[in-house]
Amino acid sequence: MKIVQVSEALSFGDAISNDVVAIDKLLKENELSGGIFVTNRNNIDKRYLNNIAKTIDDFPVMNKEDILLLHHAIANDFCYALPKLKCKKVLVYHNITPPSFFDGISDGLRNATAKGLVQAKFMSNKVDCCIADSEFNKNNLEEMGYKCPIYVCPVLIPFDDYEADPNPEIVNEFQDDWVNILFVGRLSPNKKQEDIIRTYAIYKKHYNEKARLFLVGNDSMDIYADSLREYARKLQLDDVYITGSVPFQNLIAYYRIADVFLCMSEHEGFCVPIVEAMYFNVPVVAYKSSAVPGTIGDSGILLKEKDFLLTAAVINEVSTNEILSNWIIERQQDKIKDYYYNNVATKIVGILKSISREEDQEEKGNTSPNNEFDALIVIKASDWPIAKKSLPFIKTNINPKRIVIVSSTELLKELPNYDKCVFIDENKILDG
C-alpha cells in the first residue's frame, strides 16, 4: 500500500504546504509514502521540485489498496480525475476563503476561490472520507452535503524546528521595554490587517507610545499590501513593520520578541500562527471568527465583537498585568498539548489505518456485522469536545448496534448525524 498526496501548490513557508511536507515525512517514517504531486508546476518551490515533490504529470498508477490524500484550499482541477481512480480517495480540507474578500483586490484569487468552492461541492460524493483540520472545516463540509465519514485532525506541526536560533539582530534591536504586538500571516483581506493597524493606533495613542507593530507574512498581494502601508502613513504610525516573507530564523525572532499576538482575522480554516504563538508563550488576543475559537479553545482571549477601543484596552491589560498574562500562558501551554507533534502524528496514522482497514473489509466483501449490543456513553456536556473525537473510531472499530449518549439536553445540538446515534436526556433517567 502507498499513500500519495496531491496539492495545488507547494510553497516554502506556507502553512498548508508545511502540513503536506510534514505528513510526507511521517509517511516515509512509516514506509507508506508514495510521494507528493503538485498540479500547478508554477507553484512548486524550487527547493521541493524533484526533491520531495513532482508535478502531476508524474502521478503514479493507483491500486485499490492505495490511498490518495487530496489537499483542497483553492481551485484544483485534479478533482475531476477522482471518479476514474480505483484507490481510496480522501479529501484533506483546509477550507477556502470566501471569494467576496477579494472583490476589487484580486480577480485571480476571487475566481480561484469561487471555483474551489464549486469543486468542493462537486467532490461531496466522489470521496470515501475526509480529514478536516478543524471542527469549523468539518461543519463546512457537512453544510456542502458531505455524508461520508469526516475525521477532525489538526495540522501537523514539527515543533522541534522552532528550537532553532533566532536572528540575533532582530532580537537585539527590538527586545527592550517597548511593547511588541505581532501578527503572522500573509497580507490578505480576510485576515484584516487593517483592523490590527487601527487597534494598534488606538493603543499607542491612549495607552503606550512605546509600542511597535509587526505584520509578518507574504506581501505579494500588491493592492492590499500597498493599502495597508498607506493606511499606516495616514495614521502617522512610524513603528509599523510590514516585513513581507521572512527567513525562518527571522520568524522565530519575531515570536521571541513579541509581547502580544493580535489576530483580527474574519476567516481562518485553522490558523497555525496562533499555535506558534502559544508555543512561544506569547499571549493571544483574537477576534472570535471561523476556526479561531476552536484553535484557541479555552486559552487566550477571544473578542466577540470588533470593538477597537476595547481591544486596545485588552492589549494594555495583557501587557501590564503579569498575573493575567501568566494565566493566559498557562492555559495556552495546556491547550498546545493537543497540537504536539507525536499526538497529531499518532492520530493521523490511526486515521489512515482505519481507512486502510475499511478497504480490507471491502476487498473481502465482509464489512463488520451489526453487533447485538449498544455502546453507552454517559457524559457531562462540558466533556463532549474531547469525547466526540472517539465516535468515528467507535463506529468503525466496534460497530455497535447503536451509540447511546446520556447527557444534558444542551448537548443535543452537538450530536453528529449518525443513523445509529441515540440521545437520552439524563433528567429522564434521574431527575436533576
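Calculation rules
Residues numbered from 1 in each chain as written. Predicted model: local features only at pLDDT ≥ 70, side-chain atom pairs only at ≥ 80, totals over all residues. Heavy atoms only, no water. Helix = DSSP H or I, 4+ residues; strand = E, 2+ residues; numbered from the N terminus. Rg over C-alpha atoms; globule rule 2.2 N^0.38 Å. Buried < 20%, exposed > 50% of the residue type's maximum accessible area, 1.4 Å probe, protein only. Contact = heavy atoms within 4.5 Å. Areas by Shrake-Rupley, 256 points an atom, 1.4 Å probe, with all protein chains shown as cover. Lys, Arg positive; Asp, Glu negative; His and termini not counted. Charge placed at Lys NZ, Arg CZ, Asp CG, Glu CD. Disulfide = S-S within 2.5 Å. 1 Å grid on protein atoms, 1.4 Å probe; cavity = no way out; pocket = protein on both sides within 12 Å on 5 of 7 lines; lining within 4 Å. Points joined across faces, edges and corners; volume = space filled by probe spheres on them. Nonpolar A, V, L, I, M, F, W, Y, C, P; charged D, E, K, R; others polar. Phe/Tyr/Trp six-rings, centres within 6.5 Å; stacked < 30°, edge-to-face > 60°. Lys NZ or Arg CZ within 6 Å of the ring centre and 35° of its normal. Core = buried A, V, L, I, M, F, W, Y, C linked by side-chain atoms within 4.5 Å.

Enquirer: Please provide a residue-by-residue account of the overall build of the protein chain, values included.
Expert: Helix and strand content of the protein chain: 15 helices and 16 strands. In terms of overall size, the protein chain behaves like a compact globule, its C-alpha atoms giving a radius of gyration of 23 Å where 432 residues would be expected to give roughly 22 Å. Along the longest, intermediate and shortest principal axes, the C-alpha atoms of the protein chain span 70 × 65 × 40 Å. Across the 432 residues that make up the protein chain, the buried fraction comes to 52%. Relative to all contacts within the protein chain whose residues are 6 or more apart in sequence, the contacts with residues 24 or more apart total 67%. For the protein chain, the accessible surface area stands at approximately 20800 Å², while carbon and sulfur atoms represent 48% of it. Averaging the coordinates of the 49 positive side-chain charges in the protein chain and doing the same for the 62 negative ones gives two points 5 Å apart.

Enquirer: An account of the state of the cysteines is needed here, citing residue identities and associated values.
Expert: This structure, assessed with the given rule, holds 0 disulfides. Between C129, a free cysteine, and C148, which holds the nearest cysteine sulfur, the sulfur-to-sulfur gap is 6.5 Å.

Enquirer: Can you break down the layout of surface pockets residue by residue, with the values?
Expert: The space that makes up the second largest pocket amounts to roughly 1600 Å³. Mapped onto the lining of the second largest pocket, the elements with two or more residues apiece are α3 (135–143), β7 (150–152), α9 (292–296), α11 (322–335), α12 (341–364), α13 (384–387) and α14 (391–398). Among the residues making up the lining of the second largest pocket, the classes are represented as 22 nonpolar, 9 polar and 16 charged.

Enquirer: Which residues make up the packing of aromatic side chains, and what values do they have?
Expert: Under the counting rule described, the total for this entry stands at 19 aromatic pairs. A centroid spacing of 6.1 Å and a plane angle of 20° characterise the contact between Y203 and Y207, whose relative ring orientation is stacked. Of the residues examined, Y203 reaches a relative accessible area of 1% and is grouped as buried. One aromatic cluster is present, built from ring pairs that chain together F159, Y162, F183, F248, Y255, F261, Y279 and F280. Taking the ring centre of F12 as reference, the NZ or CZ of R47 above it sits at 3.7 Å. Above the plane of the ring of Y287 lies K306, whose end atom (NZ or CZ) is 4.7 Å from the centre.

Enquirer: Explain the nonpolar core to me, and be specific about the residues and the numbers.
Expert: Core analysis: the largest hydrophobic core is formed by 70 residues, its most contacted members being I181, L182, L213, Y255, F261, I274 and V285. If near-sequence neighbours (up to four positions away) are discounted, Y255 is found in contact with L182, V184, F261, P273, E276, A277, F280 and V282. The next biggest cluster of nonpolar side chains, apart from the first, holds 25 residues, and it includes F59, C87, A132 and L141.

Enquirer: Could you give me a rundown of the side chain of S407, with the residues and numbers involved?
Expert: Within the fold, S407 resides in strand β15 (residues 402–407). Contact partners of S407, with chain neighbours within four places excluded, come to I379, K380, A381, F423, I424, D425 and E426.

Enquirer: I'd like a description of unusual backbone geometry, backed by residues and values.
Expert: Here Q236, not a glycine, exhibits a phi torsion of approximately 55°, which is positive. Position of Q236 among the secondary structure elements: in the loop between α6 (222–234) and β10 (240–244). Unusually for a residue other than glycine, S290 sits at a positive phi of about 45°. Along the polypeptide, S290 turns up in the loop between β12 (284–287) and α9.

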